[in-house]
Every structure is written in structure tokens, then in C-alpha cells.
Amino acid sequence: MDKLHQALRRHFGYSSFKKGQETIMKSVLEGRDTVAMLPTGGGKSLCYQLPGFLTDGTVLIVSPLLSLMEDQVQQLKMRGEKRTAAYNSVLTYQERDYILKQLHRLKFLYISPEALQSEQIIKRLQTIKVSLFVVDEAHCISQWGHDFRPDYSKLGEIKALLGNPPTLALTATATEATLKDISQMLGLAEASYFIYSVDRPNIALHIENLRDTAAKTERLIELVRKLQGPGLVYCPTRKWTEELAERLTEETRLRTGFYHGGMESGDRMLIQQQFIRNQLDAVCCTNAFGMGVDKPDVRYVIHFNLPQTAEAYMQEIGRAGRDGQQSISILLKAPGDEGIQEQLIQTEALSQHDIDFLYEKLADVKDERALRDILQQSGLSETQARHFVHLYLKVHHLGDDGRELIYREMDSRKHLKLKKMAGFASITESEGCFRRGLLAYFNEELKPRKNSGAACCTYCGLDLDAYETKGDRPFMNELTAWEEELDAIFAAGRDRLC
DNA sequence: CGTGGGGATTCTAGAATCCCCACGGTGCCCTAGT
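What counts, and at which threshold
Residues numbered from 1 in each chain as written. Chains lettered and ligands numbered in written order. Predicted model: local features only at pLDDT ≥ 70, side-chain atom pairs only at ≥ 80, totals over all residues. Heavy atoms only, no water. Helix = DSSP H or I, 4+ residues; strand = E, 2+ residues; numbered from the N terminus. Rg over C-alpha atoms; globule rule 2.2 N^0.38 Å. Buried < 20%, exposed > 50% of the residue type's maximum accessible area, 1.4 Å probe, protein only. Contact = heavy atoms within 4.5 Å. Areas by Shrake-Rupley, 256 points an atom, 1.4 Å probe, with all protein chains shown as cover. Lys, Arg positive; Asp, Glu negative; His and termini not counted. Charge placed at Lys NZ, Arg CZ, Asp CG, Glu CD. Pairing = 2+ DSSP bridges. Axes fitted to C-alpha atoms, helices over the stretch in contact; angles between N-to-C directions. Parallel < 35°, antiparallel > 145°, perpendicular 65-115°, else oblique. Left-handed = near helix turned anticlockwise from the far one by under 90°. UniProt positions renumbered as here; feature names shortened; annotations may be inferred. Near = heavy atom within 4 Å. Polar contact = N/O pair within 3.5 Å; in protein donor to acceptor, adjacent residues only side chain to side chain. Salt bridge = Lys/Arg side-chain N within 4 Å of Asp/Glu carboxyl O. Right-handed = clockwise from strand over helix to strand, strands pointing away. Phe/Tyr/Trp six-rings, centres within 6.5 Å; stacked < 30°, edge-to-face > 60°. Lys NZ or Arg CZ within 6 Å of the ring centre and 35° of its normal.

What to know about the overall build of chain A
Here comes step 1: When its secondary structure is counted, chain A shows 20 helices and 13 strands.
Here comes step 2: Taking 2.2 N^0.38 as the reference for a compact globule, 498 residues should give roughly 23 Å; the C-alpha atoms of chain A span a radius of gyration of 24 Å, in line with that estimate.
Here comes step 3: Referenced to the eigenvectors of the C-alpha coordinate spread, the extents of chain A come out at roughly 65 × 65 × 45 Å.
Here comes step 4: Counting across all 498 residues of chain A, residues that qualify as buried make up 50%.
Here comes step 5: In chain A, the proportion of contacts linking residues at least 24 apart, taken out of those at least 6 apart, comes to 75%.
Here comes step 6: Of the roughly 24700 Å² that chain A leaves accessible, carbon and sulfur atoms contribute 51%.
Here comes step 7: Counting 63 positive and 69 negative side-chain charges, chain A places the centres of these two groups 6 Å from one another.

Some remarks on the sheet that holds strand β2 (residues 58-62)
Here comes step 1: A sheet is described by the order of its strands in space; here 7 strands give the open sequence β3-β4-β2-β5-β6-β1-β7, paired in parallel fashion. If you trace the sheet from one side to the other, it starts and ends with β3 (84-87) and β7 (192-195), each paired once. Neighbour to neighbour, the strand axes of the sheet diverge by 15° on average, direction disregarded.
Here comes step 2: The pairing of strand β1 (residues 34-37) with β7 spans 4 bridges and is parallel. Bridging from a neighbouring strand, A36 pairs with F194 of β7.
Here comes step 3: Across the face of the sheet, helix α5 (residues 93-102) comes into contact with β3 and β4 (108-111) while running at roughly 125° to β3.
Here comes step 4: Of the strands in this sheet, β1, β5 (130-135), β6 (167-171) and β7 are in contact with helix α9 (residues 176-186), which crosses β6 at around 150°.

Focus: the packing of helix α10 (residues 213-226) against helix α11 (residues 238-252)
Here comes step 1: Where α10 meets α11, the axes come as close as 10 Å, and the angle between the chain directions of the two elements is 50°. On the basis of their axis angle, the class for α10 and α11 is oblique. For the crossing formed where α10 meets α11, the hand is right-handed. In this structure, α10 uses T213, T217, E218, L220, I221, V224 and R225 to contact α11, whose residues at the interface are W240, L244, R247, L248, E251 and T252.

Examining the UniProt feature "domain: Helicase ATP-binding" (unreviewed entry) in chain A
Here comes step 1: Mapped onto the present numbering, the UniProt feature "domain: Helicase ATP-binding" (unreviewed entry) falls at residues 25-192.
Here comes step 2: Annotated as residues 25-192, this span is 40% helix and 17% strand, and its ends, taken at the C-alpha atoms, are 11 Å apart.

Structural notes on the protein's contact with DNA strand B
Here comes step 1: Near DNA strand B you find 30 residues, and of these S89, R238, T286, E348 and R386 are the closest.
Here comes step 2: A distance of 2.9 Å separates a phosphate oxygen of DNA strand B from a polar atom in the side chain of K239.
Here comes step 3: The side chain of Q308 places a nitrogen or oxygen atom 3.4 Å from a base nitrogen of DNA strand B.
Here comes step 4: Contributions of two or more residues to the surface near DNA strand B are made by α11, α14 (337-348) and α17 (382-397).

Considerations on the pattern of salt bridges
Here comes step 1: As enumerated under the stated definition, the model contains 27 salt bridges in all.
Here comes step 2: In this structure, D294 engages R322 in a salt bridge whose closest nitrogen and oxygen atoms are separated by 2.9 Å. Of the two residues, D294 is situated in the loop between β11 (282-285) and β12 (300-303) and R322 in the loop between α13 (310-317) and β13 (327-333); the sequence distance between them amounts to 28 residues.
Here comes step 3: Take D294: its relative accessible area is 54%, and that puts it in the exposed class.
Here comes step 4: Connected through shared salt-bridge partners, D147, E348, R413 and K417 make up one network.

With respect to the pairing of β3
Here comes step 1: Of the two faces of β3, the one carrying T84 and A86 and the one carrying A85 and Y87 are both buried.
Here comes step 2: The pairing of β3 with β4 spans 4 bridges and is parallel. Counterpart to A85 in the pairing with β4 is L109.
Here comes step 3: Handedness of the crossover is the feature at issue here: the chain leaves β3, passes through α5, returns alongside β4, and the resulting connection is right-handed.

Some points on the sheet that holds β13
Here comes step 1: Taken in spatial order, the 6 strands make up an open sheet running β8-β13-β12-β9-β11-β10, and their pairing is parallel. With partners counted over all chains shown, the strands left at the sheet margins are β8 (203-209) and β10 (256-259), one partner each. When the angles between neighbouring strand axes are averaged without regard to direction, this sheet yields 15°.
Here comes step 2: Here strand β9 (residues 231-234) pairs with β12 via 4 bridges, running parallel. Note that in β12 the partner of V233 across the bridge is I302.
Here comes step 3: Each of β8, β9, β12 and β13 is contacted by α10, which is oriented at about 165° to β13, the strand it contacts most.
Here comes step 4: Contacting β9, β10 and β11, helix α12 (residues 265-276) crosses the sheet at an angle of about 135° to β10.

A look at the packing of aromatic side chains
Here comes step 1: What the rule picks out here adds up to 14 aromatic pairs.
Here comes step 2: Here the aromatic rings of Y48 and Y110 are separated by 6.4 Å at their centres, their planes lie at 70°, and the arrangement is edge-to-face. Highlighted residues: Y48 in helix α3 (residues 46-54) and Y110 in strand β4, separated in sequence by 62 residues. A single burial state applies to Y48 and to Y110, both of which are buried.
Here comes step 3: One aromatic cluster is present, built from ring pairs that chain together F12, Y14, F53 and F108.
Here comes step 4: When the ring centre of F304 is taken as reference, the NZ or CZ atom of K216 above it lies at 5.1 Å.

Some points on the UniProt feature "domain: Helicase C-terminal" (unreviewed entry) in chain A
Here comes step 1: The feature "domain: Helicase C-terminal" (unreviewed entry), as annotated in UniProt, sits at residues 219-363 in this numbering.
Here comes step 2: When the span residues 219-363 is considered, its composition is 46% helix and 16% strand, and the gap between its end C-alpha atoms is 55 Å.

A closer look at the side chain of S329
Here comes step 1: Here S329 is to be found in strand β13.
Here comes step 2: Residue classification places S329 among the buried positions, given a relative accessible area of 0%.
Here comes step 3: Setting aside residues up to four positions removed in sequence, S329 forms contacts with I203, A204, L205, H206, V301, Y313 and I317.

See below:
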């Protein structure tokens, strides 16, 4: 048995690797920069955890969500690896100080791109050996780094400040253009690429065209009532998640919840936990729900509106059928769906006129905080202000006025988003196999389907009845929920005592 | 594009109606002053 297999057995208790894992790890262990795309549930974290055990130094993992970091830290600790920590705003000052002092003893350190901007932590990281620089959910670099979370675009600089340690970028869904963007932003000129199919053959792809929103609502109720759960319903706005959850509860009597970014973090955790523990049959959610929700048996994902991009669609339907069992994704369309999305993109970008106005207001302000305060008072949203400040500081650094560059950047971001949106809309409208069209967007060819039991898509023919509930289903039953709750409390208590 | 909050207007002194405008989705971050 070779070193990798031995370590796999010793640290994780597995006897074999999943597809792709071994080649990716070998690349990492040879010290090469590596970009890897593995399907959801393909065991991405193992790709840096195992090499971490086999090399000296600390593995630094950039992660997009606090909850994701906490989950990973907990899992590693449960496996017996105590030299693991997450550095973020959840910690108290003392806890943070402790981590900074103990940095050289850590095997795995999880951190957000924002926390990684702190001079203090960079200075400390420069004194230790970073054996591997990992960017988890690396598509966030491309998806968010340009505007929503600009700190993602600075990871390349930080990697350089740390002496360019070997780097591993991991994602489940990316087009060729996104992968290029990731490598460019991280400064990976000569990375090795390991790209596996984005296709999920066990998820049937269904599209239904309906007259209007009212018709979609009726159809949704009918579907949720009939389909084998549990399932997710992706909604376009926060308000829709709440309204549809209420309608579904009334009309189907199933246990339905809602989830969006405007909720208290405690409520968000509760819904996630209830969904994972099968205490909810369906969750109506915005695109906030999903990353880090590792539930194997989600049976359906319904989209109440067109997602903004094909990447978003793939990611969201990918939350179904991680156990490999038959699952279905249903896209409900109605004329005018794109209008709302398009308007969102249009209003988010600043016009030349806005930019001129801001330039006059800012004149000689140099301090970043003062900049942001003035921008907030100008009626910009927080996201708009952050995006502008990011570009403003970047072009000022170059020494000229930079206005032209900002015009162009804003405009090209907007057009790129509109293009992606129109691209996905046209895939859903074109004649022919939907899966083929979708895979073509990711530069993939549809291979002959081995598993003849799995349906492909609406065009190729699928039988919705096959996805209906079989036998009795657990209707709203407070006693069951109460007993499960108690079990969970006892289980948690036992863990603590051990 | 579609919706909803809020201010202004209306006909006749407090509520009904209108119109305009803002908003819509994704998450990190101790900022400062109690």
C-alpha cells in the first residue's frame, strides 16, 4: 500500500479514493498550483486535508461562510485533529489572540477573505510555514470578487505576501471562463487543472411553461403536494420565500419553512438543522440557502423563477440527490421572468452620470472610511458603495483620475451579467435536449447515458409520476417533532459527557 | 418589471384614494459610542 492510501486509512478510515481525489492530491503534494473541479459530494475537503497531514506546516483555507468554517473545524476535531481553528468575527478578542500566538502549532486554519486582509494576521502568517493555500468554493472569487465581496479579488496579493505557497482552488461548478478568472485573480500562471463533469445524471431536468405567477403558484402547490420530499423551492425574493411557505403550509399541510439572508442567524441555523434532520418537508429559500447544507437525500429542487445564470442553476439543483438516488429538478417559467432579474442587474451598476457625480463629491478625500461614509450619504446601497470604493482605490493607486477605467469596468460587469442571464434563458427556451444545451454551456458533451433508469429531461421524456410520494407521508405532527427534538437534546448531552 | 410604503391630495375635518418613488439577492467585517 502506498503512502497516500495508508494515510487515508489512518486519518479517515477509508480504503479507497473517490474519482479524481488521488490525482489532485498527487499534484498538490508535488507542490504544484492546482485548480480542481469536482462534482458536489465528490469529497473536495479530503483533497487538502490528507496532503495537510503529509506535509510540514499549516494549511490555510479561505472559506466563504462562517457556518462552513465551523462545520469543517468540528468535523476535523471529531476525527481527532485538534490542531484546527477558524479565525473570524465569531471569536472574542482573547480567542483571536490565542490563535495568533498558537499559529505555528496549527495544522489547519480556516479564514474568510475579509479577515485575511488584516495586517496583524498577515504578519503572523509570514512567520510560519504555510504548506498549502486553499481556496474552497473558488467560484466565489469570480462570482463575488469583482463587486459584492471585493476582498476575494485580493487573495492573489495576499498569497504573494505569504511567499506564494502551493495553492489549491476547489469548486464544483465553473465554466472555462470562470476557471480562467480564478487562476488570473489568484496569480496561478502554471497551474495543473483537474476538471470533472458538472453533470449529475441522477437528477432529471424538467421545465414547465406557465401563464403567469398565479398559475405558477397553483402548480407549485400541486407539485409539492405530490412529489416525494424533502425538497427545496428557490424563490426570487425574500418576501416570496415567506409567502410561498405560508401558502404551502396552508394548502398541503406539509411541514414547510422559509430561509433567506435577512433572517437572524439563529433562525437560519434552526431551519437548516430542521431540514437536515427531516423535520421539514420543504424549505422555500433565496439563493442564500445551500452552500454547506450537506444533506444527502434531497429529492427535488423547484425553481419558482429563472435563476440568474446557468452556474447558479447547476449549483442549486446540485443540492438534490447527493446520495445518487433518483431526484428531480423542476423549473417553473412564465413570460416576463427575466424582466425582474434584468432590472436588478441594471440598477446595481452605476451609470457614467453617477460616477461623475461621485467624483465631484469626493474631490480630495483619501481615507477609505471617509470615502465610504460620503458614499453612504449619497444614497448608494452598501454593495454599490463597496464596489465603487474598491475600484476607486484601485485606479487611484495607478496615479491618474481613473474615471474612464471605472466607467468601463462597471459597464463590462453589467454586460457580462446580462449576457450570462440571457444565455441561460435561451438554453431553457431552445428546442432539443435541455441537458445537452446546459452541458454545452460548460463546454461538455452529453455522453451516452449508462444508467438507463434515470430520466434525462422534459424534451427526452420523463414521467413525473415516478417522483411522487410512495406510501404514507409524515404530515404535520407535533408529537413526532417533539420526540425528535428531545432525542437530539439527549444525543447532544451524551456527546458532551463523553 | 411588479409591488408596497408613504406623502400628498381629496372632499369637507378624518379617512379614502392617488401617485410617485424606492426596492428587489448573495456575507464578511469591532467601525464607535453607549
